[in-house]
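The lines below spell out each chain.
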Amino acid sequence: MLPHRSDFPSDFLFGAATSAYQIEGHAQGGAGRTHWDDFAATPGNVAGAENGSIACDHLNRMDEDLDLLKDAGFDVYRFSTSWARVLPEGRGTPNAQGLDFYDRLVDGLLERGIKPAATLYHWELPSPLSDLGGWRNRDIASWFADYTEVIMSRIGDRVWSAAPINEPWCVAWLSHFEGAHAPGLRDIRATARAMHHVLLAHGRATQVMRGLGMTNLGAVCNMELAAPAQETETARHAAQVQDAIYNRFFISGLTKGCYPDEVLDGLGAHLPDGWQDDFDTITQPIDWIGLNYYTRKLYDAAPAGAPWPATVEVEGPLPKTAMNWEIYPEGLSHFLTMIQRDYTGDLPIYVTENGMAGLSELTGDPLSDPDRIAYLAAHLEQVQNAVSQGVPVKGYFTWSLLDNYEWALGYAPRFGLIHVDWTSLNRYPKASFSAIKEALNS
Ligand code: IFM
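A few points on the structure. Note that the coordinates shown come from a computational prediction; the quantities given were computed from them, not determined experimentally.

**Some words on the layout of surface pockets**
Line of reasoning, step 1. Considering only enclosed or pocket space, the largest pocket measures out at about 970 Å³ in volume.
Line of reasoning, step 2. Residue lining of the largest pocket: 45 residues in total, with Trp-169, Leu-174, Glu-178, Ala-180 and Lys-297 positioned closest to the centre.
Line of reasoning, step 3. At the level of elements, helix H8 (168-176), strand E5 (218-228), helix H10 (233-256), strand E6 (288-301) and strand E7 (311-314) are the ones that each hand at least two residues to the lining of the largest pocket.
Line of reasoning, step 4. In terms of residues, the lining of the largest pocket owes the most to one element, E6, which gives 6 residues.
Line of reasoning, step 5. For the lining of the largest pocket, the class distribution of residues is 25 nonpolar, 11 polar and 9 charged.

**Thoughts on the pattern of salt bridges**
Side chains that carry opposite charge are capable of pairing whenever their charged atoms lie near each other.
Line of reasoning, step 1. Taken as a whole and judged by the stated rule, the model has 29 salt bridges.
Line of reasoning, step 2. One salt bridge in this structure joins Arg-296 and Glu-326, with 2.6 Å as the shortest N-O distance. Separated by 30 residues along the polypeptide, Arg-296 in strand E6 and Glu-326 in the loop between E7 and helix H13 (330-344) bring together distant segments of the chain. In this pair, the class of Arg-296 matches that of Glu-326, namely buried.
Line of reasoning, step 3. Through salt bridges with shared partners, a single network forms among Asp-100, Asp-103, Asp-107, Arg-154, Asp-157 and Arg-158.

**Concerning empty space enclosed by the protein**
Line of reasoning, step 1. Under the criterion given, the structure shown has 6 cavities of 30 Å³ or more.
Line of reasoning, step 2. A volume near 100 Å³ is recorded for the largest cavity.
Line of reasoning, step 3. In terms of lining residues, the largest cavity is bounded by Leu-2, Pro-3, Phe-8, Phe-14, Gly-15, Phe-74, Leu-376, Leu-380, Tyr-396, Ile-436, Ala-439 and Leu-440.
Line of reasoning, step 4. In terms of residue count, helix H16 (residues 431-441) provides more of the lining of the largest cavity than any other element does, 3 residues in total.
Line of reasoning, step 5. Residue classes in the lining of the largest cavity are distributed as 11 nonpolar, 1 polar and no charged.

**What about the site of the ligand?**
Line of reasoning, step 1. Near the ligand, the surroundings consist of Gln-22, His-122, Trp-123, Asn-166, Glu-167, Tyr-294, Trp-325, Glu-353, Trp-399, Glu-406, Trp-407 and Phe-415.
Line of reasoning, step 2. Within the contact set of the ligand, a nitrogen atom lies 2.7 Å away from a side-chain nitrogen or oxygen of Glu-167.
Line of reasoning, step 3. One of the side-chain nitrogen or oxygen atoms of Trp-407 is found 2.8 Å away from an oxygen atom of the ligand.
Line of reasoning, step 4. Surface burial for the ligand is 95%, taken as the share of its 280 Å² of free accessible area covered by protein chains.
Line of reasoning, step 5. Among the cavities detected, the one that contains the ligand is the largest pocket.
Line of reasoning, step 6. Here the residues of the shell around the ligand are counted per class, giving 6 nonpolar, 3 polar and 3 charged.

The rules behind the values
- Residues numbered from 1 in each chain as written.
- Predicted model: local features only at pLDDT ≥ 70, side-chain atom pairs only at ≥ 80, totals over all residues.
- Heavy atoms only, no water.
- 1 Å grid on protein atoms, 1.4 Å probe; cavity = no way out; pocket = protein on both sides within 12 Å on 5 of 7 lines; lining within 4 Å.
- Points joined across faces, edges and corners; volume = space filled by probe spheres on them.
- Helix = DSSP H or I, 4+ residues; strand = E, 2+ residues; numbered from the N terminus.
- Nonpolar A, V, L, I, M, F, W, Y, C, P; charged D, E, K, R; others polar.
- Salt bridge = Lys/Arg side-chain N within 4 Å of Asp/Glu carboxyl O.
- Buried < 20%, exposed > 50% of the residue type's maximum accessible area, 1.4 Å probe, protein only.
- Near = heavy atom within 4 Å.
- Polar contact = N/O pair within 3.5 Å; in protein donor to acceptor, adjacent residues only side chain to side chain.
- Areas by Shrake-Rupley, 256 points an atom, 1.4 Å probe, with all protein chains shown as cover.
- Sits in = over half its atoms within 2 Å of the grid points.

Here is the structure:
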């Protein structure tokens, strides 16, 4: 059973989140090729070599999806605009159909009384920019600023909030060090550059949006609890290094203008020349911070002689989701408290993503998802705990409105409140959708 709206402060907002490439259908509407299309076309990268060509066909079913958002009673919708849909070559001539689409999306939300919360980059880098080195190339900050100007000149007057980049850790580390996401690199120097440039691009985009007179600008970081796999000094150190890479590097750069020593130990030699001089741009004032939280991981020291970061992940004992991610709701209040205490003080915090890929719906009735309802309830309870301790949490967005393209895992994991039939593309609300509707409308 989910807590009711009335169990939260009266100004607390509830939302659902999606992203462009995961739902829109990128082969349609004049969007350009992206590095995800290239990554998926390379054998072994993505389950079944699936890509976002059609996805949920949201491009053509937007009104139906917005009606579902309204029916659930959501206050806010967190969506992303696709760089490659707005500027098919990444730079140069905009795609008029793409701009019109986001215009209609924003108006459609406002007509339904739903606040539009825009994200400028949720991972679909135009291929021509990837050819130029993508996030490794310092020029990406200027390319991103130009893209920001184009799209926000069109919709910035009507969005409720905007954030430049979703989950910098995934953009930089997961994609350039682990090679698990596009562009699929495993290169420490590329990683260091991407980690810094993603923050520089955030700062430049924020400057552009302020220049356009926009307000309510934020930043969205994902965090994963990093715990020692055993009670030893070496395991504790491994967890601390992972915590610095995943959870502290980006928020520290954004809010304090410095990077954690544990990360500089490994990446310092690979950062671009003059990186220290970029913090004036990176630390542009923001109006809120967003936290995406799903799980925790356990770490231990790698065998002797392993290069930095010299850590290994160890399977944890807790019940898991269909992503094989441990369910650990306590991590959510841990991070909400930590963000306020160590980084942002009174700044509003939003849980910009939280949710699960269900197991029960895969094995039985696809619309019966008691495990998702239990997951959401347990995490909302942790939000309430944080609020009661005085942490300024102002809203919660569940990931995701619809089942969608789960990146390297293709369409198998289902995160949606709404089931999408991958043959007909028809939408079918799950039990969790009804539970949210009851909680929000009561
Ligand atoms: O699907 C992703 C989303 O794109 C970013 N945050 C995590 C989700 C689940 O993996």
